[in-house]
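Reading the structure
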Amino acid sequence: MIGNPFHVLATINSTNNYAMGQVNAGPVADGSTWFAMEQTAGKGQRGKQWLSEPGENIMLTTVLQPALTLNQQFMLSVAVSLGAYDFFSKYAGEETRIKWSNDIYWRDRKAGGILIENVLRGNIWQYAIAGLGININTPKFPEHLANPVSLRQITGKTWDSLELAYDLCRCLEERYSRLHPAVFDTWLAEYKEHLYRLHEPALYKINGEIFQGTIHDVLPDGRLCLEKGKEILELGFGEVEFIFAT
Ligand SMILES: O=C(O)CCCC[C@@H]1SC[C@@H]2NC(=O)N[C@@H]21
């Protein structure tokens, strides 16, 4: 069950790295979760850093053992994204979105990110190490960061980030406990309903070329269908970069 057990760490390099150390040391129960008050080397997607002032925000990692095969891994990402969406939209309201493939957005600004790392034993998907960083109480972000937003900036009040982390675990569990091939179609449709910039033009970058494109669809394996002029490109994560809202 996600959040059971729930461990609080005062300072750690990265909760994902810590969880990875735990699974390498021996068996870890499905849903075991580590929450950090402070990360000294938080990791984001594409090798980026994940920065957060101590005690302000949610930084947690949950270790999952999904009953899926590795070629169904996008559906785990959808389940975690929907859980994070269910959580954030409850407090921030209907302008919450999921940005492909698994960021949490509010209007045109990033409120949270998800980093899922897989642990394989041979061809077997043994664990998914799912790390979530959600901006809760940051009053103001450094200028050089592109476009983040916190729940405090949205709602005008401060929150108990540990209490909210428990609630995030409940929302994730609500999805994860129902994750099964039978829900894939409905959940993918739900994911697309909440998708940031679906059918709306925006700027994208591929191999250094910046162009105006429009997200047309997301395929069951997670590839993004991006309209570029008369072409429809099917892109995997890492092949395309979203530039900024127009
Ligand atoms: O780049 C992203 O959008 C993903 C960010 C994921 C950040 C979280 S914070 C908790 C966990 N530990 C890490 O080092 N990263 C993830």
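In the annotation of an unreviewed UniProt entry, the protein chain is listed under the name Biotin--[acetyl-CoA-carboxylase] ligase and assigned to Chitinophaga barathri.

**So, the packing of helix 2 (residues 73-92) against helix 4 (residues 161-176)**
As a packed pair, helix 2 and helix 4 sit with axes 8 Å apart at the nearest point and diverge in direction by 135°. Relative to helix 4, the element helix 2 lies oblique. Between helix 2 and helix 4 lies a crossing of right-handed hand. Residue-level contacts link Leu-76, Ala-79, Val-80, Leu-82, Gly-83, Ala-84, Asp-86, Phe-87, Lys-90 and Tyr-91 of helix 2 to Leu-164, Asp-167, Leu-168, Cys-171, Leu-172, Arg-175 and Tyr-176 of helix 4. Partitioning the contact of helix 2 with helix 4 into residue classes produces 12 nonpolar, 1 polar and 4 charged.

**Structural notes on the site of the ligand**
Surrounding the ligand, one finds 20 residues, the nearest of these being Ser-14, Gln-39, Lys-43, Gln-45 and Lys-110. At 3.0 Å, a side-chain N or O of Thr-15 approaches a nitrogen atom of the ligand. Residue Gln-39 places a side-chain N or O atom 2.8 Å away from a nitrogen atom belonging to the ligand. Here the ligand, which alone exposes 420 Å², has 98% of that area covered by the protein. Counting only elements with at least two residues in the shell around the ligand, the list comes to helix 1 (15-25), strand 3 (58-64), strand 6 (109-121) and strand 7 (124-134).

Here is what the cut-offs are and how they apply
Residues numbered from 1 in each chain as written. Predicted model: local features only at pLDDT ≥ 70, side-chain atom pairs only at ≥ 80, totals over all residues. Heavy atoms only, no water. Axes fitted to C-alpha atoms, helices over the stretch in contact; angles between N-to-C directions. Helix = DSSP H or I, 4+ residues; strand = E, 2+ residues; numbered from the N terminus. Parallel < 35°, antiparallel > 145°, perpendicular 65-115°, else oblique. Left-handed = near helix turned anticlockwise from the far one by under 90°. Contact = heavy atoms within 4.5 Å. Nonpolar A, V, L, I, M, F, W, Y, C, P; charged D, E, K, R; others polar. Near = heavy atom within 4 Å. Polar contact = N/O pair within 3.5 Å; in protein donor to acceptor, adjacent residues only side chain to side chain. Areas by Shrake-Rupley, 256 points an atom, 1.4 Å probe, with all protein chains shown as cover.

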